[in-house]
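# Observations on the model geometry
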Amino acid sequence: QGRQVTLTQSRTGGGMLLTVEPAAKVPSAAEYMKEIGDYLTKQKAQGTRLTEPVTRIRAQPPLDRFAVDTEMGGEKLRMEYAVLSQTDGGVTVAVRLPAVHATALRPEVERIIRSMAVTRLIESK
């Protein structure tokens, strides 16, 4: 879907959205966290709480992540987010994990996030 890739786990209802951006458009983790907060408010998410503050999980290239627990549409969710920033571009990641499956799926999410790298220049269109 253009600059976005969606991965779904149909058995559990989990999913991951990867958005590739030119370097100048990659938000900081704090900016992304605000954007996510605004989105969750707009979606009328309830009981949203930051469960993991912004943490740098890799120094080079910089990779930051954070997580929130929330409820949308009557479903309890673990939402994981990450921002990868490199000279050639970056990636934002949004992960939706049903709370009942979050513990089992988090190691796979962690593996995917840690393996991300921009391998060619991402240009503005």
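For the structure itself, consult the block above.
What comes next concerns the included structure.

Reading the values: the criteria
- Residues numbered from 1 in each chain as written.
- Predicted model: local features only at pLDDT ≥ 70, side-chain atom pairs only at ≥ 80, totals over all residues.
- Heavy atoms only, no water.
- Helix = DSSP H or I, 4+ residues; strand = E, 2+ residues; numbered from the N terminus.
- Contact = heavy atoms within 4.5 Å.
- Pairing = 2+ DSSP bridges.
- Salt bridge = Lys/Arg side-chain N within 4 Å of Asp/Glu carboxyl O.
- Buried < 20%, exposed > 50% of the residue type's maximum accessible area, 1.4 Å probe, protein only.
- Axes fitted to C-alpha atoms, helices over the stretch in contact; angles between N-to-C directions.
- Expected span 1.5 Å × (residues − 1).
- Arc of directions from axis to C-beta.

### A closer look at the environment of M79
Along the polypeptide, M79 turns up in strand 5 (residues 75-86). Spatially, the C-alpha atoms of M79 and D69 are 6.1 Å apart, while their sequence positions differ by ten residues. Non-local contacts of M79, meaning those with residues more than four positions away in its chain, are made with F66, A67, V68, T70, M72, V95 and R96.

### Looking at the pairing of strand 2 (residues 14-21)
With six bridges joining them, strand 1 (residues 4-9) and strand 2 adopt antiparallel strand pairing. Within strand 2, the residue paired with T8 across the bridge is G15.

### Re the pattern of salt bridges
With the rule as written, the count across this model stands at 13 salt bridges. Note that R78 and E52 form a salt bridge whose closest N and O atoms lie 2.4 Å from each other. With R78 in strand 5 and E52 in strand 3 (residues 46-58), this residue pair connects regions lying 26 residues apart in the sequence. Residue R78 is classed as buried on the basis of its relative accessible area, which comes to 9%. Given the relative accessible area of 23%, E52 is considered partly exposed. Here E80 ties to R78 by a salt bridge, and the two come within 3.0 Å at their closest N and O atoms. With a relative accessible area of 0%, E80 lands in the buried category. Each member of the salt-bridge network shares a partner with another, and the members are R49, E52, R65, D69, R78, E80, R106, E110 and R114.

### Things to note about the environment of P107
Mapped onto the elements, P107 comes out in helix 2 (residues 99-115). For the pair P107 and D38, spaced 69 residues apart in sequence, the C-alpha to C-alpha distance is 27 Å.

### Quick look at the sheet that holds strand 3
As a general point, the strands of a sheet are linked pairwise by backbone hydrogen bonds and lie either parallel or antiparallel. If you walk across this open sheet you meet the six strands as 1-2-6-5-4-3, and the pairing is antiparallel. For this open sheet the edge positions go to strand 1 and strand 3, each flanked by a neighbour on one side alone. Across the sheet, the mean angle from the axis of one strand to that of its neighbour is 15°, orientation sign disregarded. Across seven bridges, the pairing between strand 3 and strand 4 (residues 63-72) is antiparallel. When the sheet's bridge partners are listed, T55 is paired in strand 4 with R65. Each of strand 1, strand 2, strand 3, strand 4, strand 5 and strand 6 (89-98) touches helix 2; the most contacted strand, strand 6, lies at about 165° to it.

### Description of helix 1 (residues 29-42)
Each α-helix turn comprises 3.6 residues. Residues three or four places apart therefore point the same way. For helix 1, which comprises 14 residues, the first-to-last C-alpha distance of 20 Å matches the rise-based estimate of 20 Å (1.5 Å per residue) to within 8%. For helix 1, every residue scored as buried is listed here: A29, Y32, I36 and L40. Seen from one end, helix 1 has its buried residues packed into an arc of 75°, which puts them on one side. The exposed residues of helix 1 that point more than 90 degrees off its buried face are A30, E31, K34, T41 and K42. Where helix 1 is buried, its residues meet strand 3, strand 4, strand 5 and strand 6.

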